[in-house]
Every structure is written in structure tokens, then in C-alpha cells.
Amino acid sequence: MDYVVAIDQGTTSTRAIVFDRRGRPVAVGQLEHRQIFPRAGWVEHDPMEIWANTREAIGQALAKADITRYDVAAVGITNQRETVVVWDRATGRPIHNAIVWQDTRTQAIVDELAADGGVDRFADVTGLPLATYFSATKIAWLLDNVEGARERAEAGELLFGTTDTWVLWNLTGGARGGVHVTDVTNASRTLLMDLRTLDWRDDLLRAFRVPRAMLPDIRSSSEVYGTAGPRSLLRETPIAGILGDQQAATFGQAAFDRGESKNTYGTGNFLIFNTGEEIVRSRHGLITTVAYRRGDDAPRYALEGSIAVTGSLIQWLRDNLGIIRSAPEVESLAASVDDNGGVVIVPAFSGLFAPHWRPDARGAILGLTRYATKAHIARAALESVAFQTREVLDAVSADAGITLDELRVDGGMVANDLLMQFQADILDVPVLRPEVAETTALGAAYAAGLAVGFWSGLDELRSLWREDRRWHPAMPDAERAARLARWRDAVPRTFDWER
Ligand code: ADP
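Residues numbered from 1 in each chain as written. Predicted model: local features only at pLDDT ≥ 70, side-chain atom pairs only at ≥ 80, totals over all residues. Heavy atoms only, no water.

1. Quick look at the sheet that holds strand β5 (residues 72-79)
Under the convention used in this document: Two strands make a pair as long as DSSP finds a minimum of two bridges between them. Helix and strand assignments come from DSSP, with helices taken as H or I runs of at least 4 residues and strands as E runs of at least 2, each series counted from the N terminus. Here an angle of 0 to 180 degrees is reported between the N-to-C directions of two axes, which are lines fitted to C-alpha atoms, with helices fitted over the stretch in contact. The contact criterion used is simple: two residues touch if any of their non-hydrogen atoms lie within 4.5 Å.
Read from one edge of the open sheet, six strands run β3-β2-β1-β5-β12-β11, paired in mixed fashion. The sheet terminates laterally at β3 (25-32) and β11 (222-227), the two strands that pair on one side only. Strand after strand, the sheet turns through a mean of 25° between neighbouring axes, direction not considered. The pairing of β5 with strand β12 (residues 238-244) spans five bridges and is classified as parallel. Residue pairing for β12: Asn79 is matched across the bridge by Gly244. In the packing of helix α1 (residues 47-65) onto the sheet, contacts are made with β1 (3-9), β2 (13-19), β3 and β5, and the angle to β3 comes to roughly 150°.

2. As for the site of the ligand
Formally: For this purpose, a residue is taken to be near a molecule or strand whenever a single non-hydrogen atom of the residue falls within 4 Å of it. For this analysis, a polar contact is any N or O atom pair within 3.5 Å, provided that within protein one partner can donate a hydrogen and the other can accept it, and provided that sequence-adjacent residues contribute only side-chain to side-chain pairs. Residue burial considers only the protein chains on display, and all accessible areas are found by Shrake-Rupley using a 1.4 Å probe.
Lining the immediate surroundings of the ligand are 14 residues, of which Thr267, Gly311, Gln315, Gly412 and Asn416 lie closest. Between the ligand and the protein, one listed contact pairs an oxygen atom with a backbone N or O atom of Gly311 at 3.0 Å. At a separation of 3.0 Å, a nitrogen atom of the ligand approaches a polar side-chain atom of Asn416. When the free accessible area of the ligand is taken as 580 Å², the share hidden by the protein chains comes to 68%.

3. Describing the pairing of strand β6 (residues 85-88)
Remark: a regular strand shows side chains that alternate across the two faces of the sheet. Quick reminder of the rule: Burial status follows relative accessibility: with a 1.4 Å probe on protein chains alone, a residue under 20% of its type maximum counts as buried, one over 50% as exposed, and anything between as partly exposed.
Where burial is concerned, the two faces of β6 agree: the one with Val85 and Trp87 and the one with Val86 and Asp88 are both buried. The pairing of β6 with strand β8 (residues 158-161) spans four bridges and is classified as antiparallel. For Val86, the partnering residue across the bridge sits in β8 and is Phe160.

4. Quick notes on the sheet that holds strand β20 (residues 431-434)
Across the sheet, which stays open at both edges, the seven strands sit in the order β15-β16-β14-β13-β19-β20-β21 with mixed pairing between neighbours. Looking at strand neighbours, the two that pair on one side only are β15 (287-292) and β21 (467-471), the edges of this open sheet. In this sheet, adjacent strand axes meet at a mean angle of 30° when their direction is disregarded. In the sheet, strand β13 (residues 261-265) pairs with strand β19 (residues 407-410) via two bridges, with the strands oriented parallel. Note on β19: the bridge partner recorded for Asn263 is Val409. Contacts from helix α9 (residues 245-252) reach β13, β14 (269-276), β15 and β19 within the one sheet, and its direction differs from that of β13 by about 125°. Across the sheet, helix α13 (residues 417-427) lies against β13, β19, β20 and β21, angled at about 55° from β21, the strand it touches most.

Now the structure itself:
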């Protein structure tokens, strides 16, 4: 058996990727699913569509690699985090569409809970602020709004899962013997798990009115949970790894130890900083989360900085302003001028996330003069990505007392050379891009492969990490300081806009 298959159940699509022993992607199957927007602020997915796509993606990947289940040592799962599915244990039918992580319909539940103790009410236990983003209020909403759901959940007839659990349960047989399990990284995003005990907590379940009977068992990120069911193309293959997408990317970047980190540049940016066995409470606007757990080993924790708008600002330049035709074009447009011409963009489109957490902020373009052109705006857009990342890294340094000596990056925007150079300049540390850009799926493959002995251990995985490109800081200190001062001056000017 020479391969491991990773299933990446993402926000926009589901992919299956076949990896070889050297961690190289051999074949990919991919299908997009519908984004369902019933009202402003509501975002749903159809779980049955996702499961059908998962099966088809597996078929595509095996066919393209020209292999069968006999060639596959293990399967790993990674997934969009926080998204909630509730289904009937006996029939396998969801009781409602999945409520997606971006969905804000539960703000009233959040406000009600925050009225008693503030948004950090559960932060000490869970590592998270109260927010619509996390799973708990979404489960409560389903139980309150689907006819009869609360009674059925209490009677043990309904099951809850994030999409890792939904895929695993179906893959392992569904209503006929499906395994109902999640991993510590996904459970750490629900607001229902205690970071220390890694178990559901009764007081949290009471506060959010979620019956324990519907919850999956919380297991490690790397162990055999079960085998694929008799109707699967992968039947009898062990499913042996689960990691939420950002944690999977961290694992795929081989950032296994304290002080190691990665930054993913996608629609938004997510920086994860490994704090080892220590739970570090953020005082500077970061989330505390589980990085991974291997079998019975001690869990590894992390600080996470989530930035809402980075790649989506480039989409906005393309779709709303029309100043570029494709995302990569932003680079040549920005490179056509020597500097930003005094323009600064603070893309607080939906408020600011880490490290500010200001829902009242809205986006601004500052410093406009008659001289400014679309090229300056393109440049300022790219610079805003680097500045926001610098703020998150400063928060990490302040919380963890560690200064990074390099930054490992991945995601769609790291193809942008100008951005990566500016990022190195503004951070004053080298920025490193790996050869395998599919770090999320790779991390899930690693977790599964480790559990079945396909790879020998973390040292072997570290040795598979290959640098593709490195950007060295080249900006004079005085210039960096001046530019950072400008940015820090700009940010608060977006506050208190939306009240
Ligand atoms: P996600 O996983 O969140 O869907 P990806 O990692 O695929 O995102 O990255 C896509 C994002 O990167 C898009 O928002 C797009 O605007 C941006 N992007 C893609 N290529 C470039 C580029 N060359 N320069 C700047 N931004 C880019």
C-alpha cells in the first residue's frame, strides 16, 4: 500500500487527494457545492449534497491515480470548522441544511448570553469569545426552530456533528453502524469543550441548551476511528486522522512544536502559533485552540489569529471596483508604481477580527489625493494584508513571549511575489513557502498515515517539508517603522462607524 487519501471537506468544495509516501499529491477529485443564502447573513449547505460530492471526489481521485482501495493505507479527513449538521440517527437524513460558520443568524442568542458576564464569559474554559462564528448557538437555533427537534435530540434520536463527523459517520456505514466521533481540534471550536479535560462540559451544555446525547465522542486527531463501510469504494480502509482545516494546514507545514507557526492567505488569513503543551490565554485578541493530539499523547495547543478580509479584498477590487480582471493581475498593477502614493486601505468590511474584534468598524480608504491612481489602490490593498498579519504576529509575541524568526506561509495569495516580499519587509523576518501548496489536505493525510505506521513519526514528516521559495526582509528599519506608524494611525479611524 503506497498511498494515503485525504478528504478536504471545505467551505466551497469537497476534495479527495491521493498522496504518496513522500507527501506529494498524485491525483485530485473535486466538486463544488451550493452556497445557500436564505436571508441576509444566513449561509447554509446541503449535507446530502456534501456527502454525495465526497463519494464522487473519492471516485475521481482513485480513478485519476489509477489505484484501488488495496493501494490505500489510510484515510484522513479535514474540514471547514464550526459548521453544524444535525441528523436522524435511524435514517441518516439531516433535519435541516447545515448552518455554516459564516452564518450570523444566532446573534440574538449570543447577545442574550453575553448580557450575563460579557463575551468572554466562557473564554477561560473554552479559549473562545462568545460569537455566532462557533458551533454552539447554531445547534441551539436548530433545536429551537425545527419542529420537534429538541425532544428528539433529548431522546437520543438526533446526532450533531461538524462536517468531519458527518463525513466520517457516513463513510463508516451511516445508519448501519456509522462511527459518531469528532477530534479535539474540531471540538475546540464548538464553545462546548473544556480545553483542559478535552471533554464536553455539563455547565456549557446547560448554558447553550444542547443535550449531551446528540454529541459525538471526542477523540485524538490521529488514531483509527473505524473503517470505511461495505458500500464505499474505500471499504475496510481505516479512517485514521481528523483535523480542522487550519490545524491541518499547520500539521501539513510540519509546525509540530512550540514556537512553530504557519499563516494561510485565503479568503481571510489564519495564523496558527503552536504553544506546545501549554494553554496560553490571549490578552491581545487571539483565540486559544487545540493544535492537534496524537493518540494518547498530551495535546498540543495553539494561539490563532483570524483576519476576516485578505484575499476577499482582492476579489472586491476585481468584482466591485473592476480595476483588475483576475486576482493575479493585482500584482502587475501594484508593481506599476513605486509606492502606495500615500494611500492606506483598512478592509474592515465586516468589522475587524483579530486582534481588534471591532464589529462596529467599517472599511476605509485613507490618504487619497488627486495624485492617487488605481495602481496605488492595488498596492495599498496588498499592503493591508501584510499589515494585518504583522498586527496578529505582534499579538502572538505579546501573548506567548516569543518572537518568530521565520514565517511559513500557504494559501492562494502566496503566489503573489510582491505581497510576500512586502510581508517579509514589514515583519522583518524571512517568509518561507513550501513545495507542496496543498498543506491542508497534506496535514490530514499525515495524521492518518502516522496512526497506521505509514510514516514513522514526526521526524520523517519534518524531513518531507521542502522549501520552494524564501523572501528576505530588505526594508530599512526607519522605513518599516514609518509605515507601521501610518497603519496604526489609520486603523482606529474605522472604529465606531456602524453602531
Ligand atoms: P480559500 O481556501 O479561502 O477559498 P485560497 O487559498 O484558494 O482561498 O485563495 C484564494 C484567494 O486568494 C482569493 O480570495 C483570491 O482573491 C486570492 N488570490 C489568488 N491569487 C492571488 C494573487 N496572485 N494575488 C493576490 N491574491 C490572490
